[in-house]
Amino acid sequence: MNLPRFNRILLKLSGEVLMGQGQFGIDPATCDRVASEIAAAKEAGHELCLVVGGGNIFRGLAGAAKGFDRANADYMGMLATVMNALAVQNALERIGVETRVQSAIPMSSICEPYIRRRAVRHMEKGRIVIFAAGTGNPFFTTDTAAALRAAEMGCDALFKGTSVDGVYDADPKKVPDAKRYDTLSFSRVLADDLRVMDASAVALCRDNNIPIVVFNIRGEGALTSVMEGKGVATIVQNAV
Ligand SMILES: Nc1ncnc2c1ncn2[C@@H]1O[C@H](COP(=O)(O)OP(=O)(O)OP(=O)(O)O)[C@@H](O)[C@H]1O
Ligand SMILES: O=c1ccn([C@@H]2O[C@H](COP(=O)(O)O)[C@@H](O)[C@H]2O)c(=O)[nH]1
């Protein structure tokens, strides 16, 4: 599909994708591949910031289902996103891309605390800012953190790099003949309860008029082609 060219982009990287072919944890080769595609997007003139998920390590809801206190489990999930952020930072810096990690939960020995104006300044200097620890609050996810940071950083679009190639009329992992959309409106996603992203994240993007591009980031070159406005993706935006 043809996507408009977006200048400042928040890329939400699924934690699960960082597992590569594994079942858990962080695959260094996958981090390297994603990093080189991010570097190519930067070279092509995009301004980028990242929010990294934690699903490859720990999800609060899954922890709560096993008996952990929900808020505690969510804090564990947020800590998982910090590990992923450091892994992605490492991969980017190995290929010469300047980065800063900012965490919504201050941990000053490891990274900077989240300070919006400082993050904006880093971006103006051409650094890629990696936002860790989600929103810093339990009962949220990194999708909502991505929408929040996209709004705060004045991004033109939120790209959700995940393990499905767009938004379907039902979960394609459960319904094999689900139909994929090329474009659809925020209100349709919410009304039809399409769960590729949290409703709170979708509503935040709708209210701030930030289009969401959902694409599969697992394939070699997937990020590059979607950044170039090609490839398979679904764009969710306000009805025109
Ligand atoms: N209508 C739908 N269209 C597309 N995907 C859907 C839909 N409903 C549910 N999904 C599911 O949403 C998932 C993507 O979102 P999810 O929140 O699980 O992961 P993520 O945010 O990419 O990663 P992580 O939690 O690992 O950081 C897909 O794997 C897909 O199975
Ligand atoms: O703002 C936030 C963001 C995340 N969490 C917790 O972290 C995990 C991992 O994030 P994913 O979005 O699932 O990748 C999430 O399951 C929550 O438990 C949070 O509490 N607040």
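The model shown is predicted, which means the values in this text are computed figures rather than measured ones. (Residues numbered from 1 in each chain as written. Chains lettered and ligands numbered in written order. Predicted model: local features only at pLDDT ≥ 70, side-chain atom pairs only at ≥ 80, totals over all residues.)

Colleague: So, helix α7 (residues 199–207): which residues are in play, and what are the values?
Modeller: For α7, the complete set of buried residues consists of A201, V202, L204, C205 and R206. Taken together, the buried residues of α7 touch α5 (142–152), β6 (157–162), α6 (186–191) and β8 (212–216). (Buried ≥ 20, exposed ≤ 12 C-beta atoms within 10 Å, placed from the backbone. Helix = DSSP H or I, 4+ residues; strand = E, 2+ residues; numbered from the N terminus. Contact = placed C-beta atoms within 7 Å.)

Colleague: How would you sum up the sheet that holds strand β1 (residues 8–13)? Please name residues and give values.
Modeller: With mixed pairing, nine strands are arranged side by side in an open sheet as β4-β3-β5-β2-β1-β6-β8-β9-β7. Strands at the two margins of the open sheet, each flanked by one partner only, are β4 (112–113) and β7 (183–185). Sheet analysis places strand β3 (residues 99–103) next to β4, joined by two bridges and oriented parallel. Counterpart to Q102 in the pairing with β4 is E112. Contacts between helix α4 (residues 116–124) and the sheet are confined to β2 (47–52), β3, β4 and β5 (128–132), with β5 contributing the most and set at about 150° to the helix. (Pairing = 2+ DSSP bridges. Axes fitted to C-alpha atoms, helices over the stretch in contact; angles between N-to-C directions.)

Colleague: Talk me through the UniProt feature "binding site: ATP" (unreviewed entry) in the protein chain; I want residue IDs and the actual numbers.
Modeller: Per the UniProt record, "binding site: ATP" (unreviewed entry) is annotated on K12, L13, S14, G15, G55, R59, T162, Y168 and D171. Look at the named residues: they lie 160 residues apart in sequence, and the longest C-alpha span between them is 23.3 Å, so in the fold they stay spread out. In this structure, R59 sits in the loop between β2 and α2 (60–65). Residues in contact with R59, not counting those within four places in the same chain, are G54 and G77. Inspection of the secondary structure puts D171 in the loop between β6 and β7. Overall, the presence of 12 C-beta atoms within 10 Å leaves D171 in the exposed class. (UniProt positions renumbered as here; feature names shortened; annotations may be inferred.)

Colleague: Hey, could you go over the pairing of strand β9 (residues 234–237) for me, with residue numbers and the actual values?
Modeller: One ladder, built from three bridges, connects β7 with β9; its direction is parallel. Residue pairing across strands places S185 opposite Q237, the latter belonging to β9. Bridge analysis of β8 against β9 gives three bridges, and the strand direction is antiparallel. Each residue of the ladder has a partner; that of V213, found in β9, is I235.

Colleague: Explain the site of ligand 2 residue by residue, including any values.
Modeller: In the neighbourhood of ligand 2, 21 residues make up the surrounding shell, with G53, G60, D74, G77 and G134 lying closest. Of all elements in the fold, only α2, α3 (70–94) and α5 reach the threshold of two or more residues within the shell around ligand 2. When residues in the shell around ligand 2 are grouped by element, the largest group, five residues, is from α3. Taken together, the residues of the shell around ligand 2 break down into six nonpolar, 12 polar and three charged. (Near = placed C-beta within 6 Å. Nonpolar A, V, L, I, M, F, W, Y, C, P; charged D, E, K, R; others polar.)

Colleague: Describe the pairing of β2, naming the residues involved and giving the relevant values.
Modeller: The two faces of the sheet receive side chains in turn, since in a regular strand these alternate between them. Most of β2 sits inside the fold, with six of its six residues counted as buried. Residues of β2 alternate between two faces, with E47, C49 and V51 on one and L48, L50 and V52 on the opposite face, all of them buried. Pairing of β1 with β2, which is carried by six bridges, proceeds in the parallel orientation. Directly across from R8, in β2, lies its bridge partner E47. Assessed by its sense of winding, the connection that carries the chain from β1 through helix α1 (residues 28–43) to β2 is right-handed. Sheet topology note: the β2/β5 ladder contains three bridges and is parallel. (Right-handed = clockwise from strand over helix to strand, strands pointing away.)

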